[in-house]
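Okay, here's what each chain looks like letter by letter:
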Amino acid sequence: MRIAIVRNGKELGERAFLEIKKVLLEKPDAVIGFATGATPLPLYEKMAEDHKKNGTSYKRVRAYNLDEYVGVDKGDKASFARFMRDNLFSKIDIDLANTDIPNGMAEDLNAECERYAEMVRANPADIQILGIGRNGHIAFNEPYTKPEEPTHIALLTADTRAANAGAFKDPSLVPTYALTMGINEILSAKRILLLATGESKAQAVYDMIMGRDDTSCPATALRKHPDVTVILDKEAASLLTFTEWENAAERRAAEASAAAAEEALVEEAAADEAADEEPVETAEETAEEEVPAEEIAETAAPAEE
Ligand code: PGA
């Protein structure tokens, strides 16, 4: 788990965007798992700004979200589907047909959970963005949720409903149930990017990193994952004990790795261009270089992980 501590929302957006950019440079048709909530907003603003300024394209990206309320229509301003459209998807060139979110209005909610679990299984995320609840939840996996439970109907705790009341006219209108991806499904992503800001998250962040390793804090499950980046502001990190030096070193390492990915891409593009300029081979020359059939079969076999 890499931990970066930033000064404010703007820095959080910039630092988190380095992770997204790295993935897109490696794989323009990446699968990105998105999260809703106040925390990822600076990242989405940065993505929109970068798309406008630098033309970073999401045309080939496939995206899906972690969760959705039961009984809230996707056109409703309080729905997570609408949140994604208003705050990100309408500001980048992603194809809405390539995005997915659980349908909390489905007639058969269990069938919808099965459909979603199957979709996630078929499309493991290259990077999954996460927030964390004050009670340590990830997506709507509240404390004591079994990690192996796939996408399911979750009963929201009173604390979670209170924390999310802002989007509703009246706190009593916050749904009691939501559809959520499960913990192990979240862990199936190749990389995880967890963001947390504000003092109200400090205890959950501490528990995730240093607390008891059990389901009382669902986010502790992330300790099992080999590639997790956690980005915190000072308030969310206030119960941890990292020094400025460690944090500056983390930032330099992240910038160097994003720059290296970009450089590799530029070099690859230059090599492609040079190859295009090479004189066209005659049919005879090409024939001489042909690879025997067995060798092709061997090369084509997928590499074992
Ligand atoms: P927040 O929600 O970003 O609005 O704090 C995060 C969460 O509950 O997972």
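Numbers given for residues are sequential positions, taken from 1 along each chain in its written order. Only residues with pLDDT of 70 or above have their local features reported here, since the model is predicted, and side-chain atom pairs are shown and tallied only from 80 upward, although totals for entire chains, interfaces and linings are computed over all residues. The basis for every side-chain value is the complete set of non-hydrogen atoms in the structure, without hydrogens or water.

Comments concerning the packing of aromatic side chains
Move 1: Here the aromatic set is Phe, Tyr and Trp, taking the six-membered ring for Trp, and pairing holds for ring centres within 6.5 Å; pairs whose planes are under 30 degrees apart are stacked, those over 60 apart are edge-to-face, and all others are tilted. Under the counting rule described, the total for this entry stands at 7 aromatic pairs.
Move 2: Centroid distance F34 to Y44: 5.6 Å. Interplanar angle 75 degrees. Geometry classified as edge-to-face. Of the two residues, F34 is situated in strand β2 (residues 31–34) and Y44 in helix α2 (residues 41–54); the sequence distance between them amounts to 10 residues. The pair formed by F34 and Y44 is uniform in burial state, with each residue classed as buried.
Move 3: Ring plane angle 25 degrees and centroid distance 5.9 Å describe the contact between F80 and F140, whose orientation is recorded as stacked. Remark: F140 occurs in the loop between β6 (127–130) and β7 (152–155) and F80 occurs in helix α3 (residues 80–87); sequence separation between them is 60 residues.
Move 4: We classify F80 as buried; its relative accessible area is 9%.
Move 5: Using a relative accessible area of 3% as the deciding quantity, one classes F140 as buried.
Move 6: An aromatic cluster of at least three residues, connected via ring pairs, comprises Y69, F80, F140 and F168. Under the DSSP-based scheme used, a helix requires at least four consecutive residues in state H or I and a strand at least two consecutive residues in state E, with every element numbered from the N terminus. Under the scheme applied here, a residue whose accessible area is under 20% of the maximum for its type counts as buried, over 50% as exposed, and between as partly exposed, the area being computed with a 1.4 Å probe on protein chains only.

Details of the confidence of the model for the protein chain
Move 1: Taken residue by residue, the protein chain gives an average pLDDT of 89. The fraction at 70 or more is 88%.
Move 2: Known as pLDDT, the predictor's per-residue confidence is scaled from 0 to 100. By definition, residues are in contact when any of their heavy atoms lie within 4.5 Å. Within the model, the stretch residues 279–305 combines pLDDT values under 50 with 3 contacts to residues more than four positions away or in other chains.

Re the pattern of salt bridges
Pairs can form between side chains of opposite charge once their charged atoms are near each other.
Move 1: Salt bridge criterion: a side-chain nitrogen from Lys or Arg within 4 Å of a carboxyl oxygen from Asp or Glu. One pass over the structure, following the stated rule, counts 20 salt bridges.
Move 2: Note that K77 is salt-bridged to D86, the shortest N-O span being 4.0 Å.
Move 3: Overall, the relative accessible area of 34% leaves D86 in the partly exposed class.
Move 4: A salt bridge links D100 to R115; the shortest N-O distance between them is 2.9 Å. Pair noted here: D100 is in strand β5 (residues 99–100) and R115 is in helix α4 (residues 109–122), with a separation of 15 residues, a long-range link.
Move 5: Salt bridges sharing common partners tie together R2, E26, R191 and D227.

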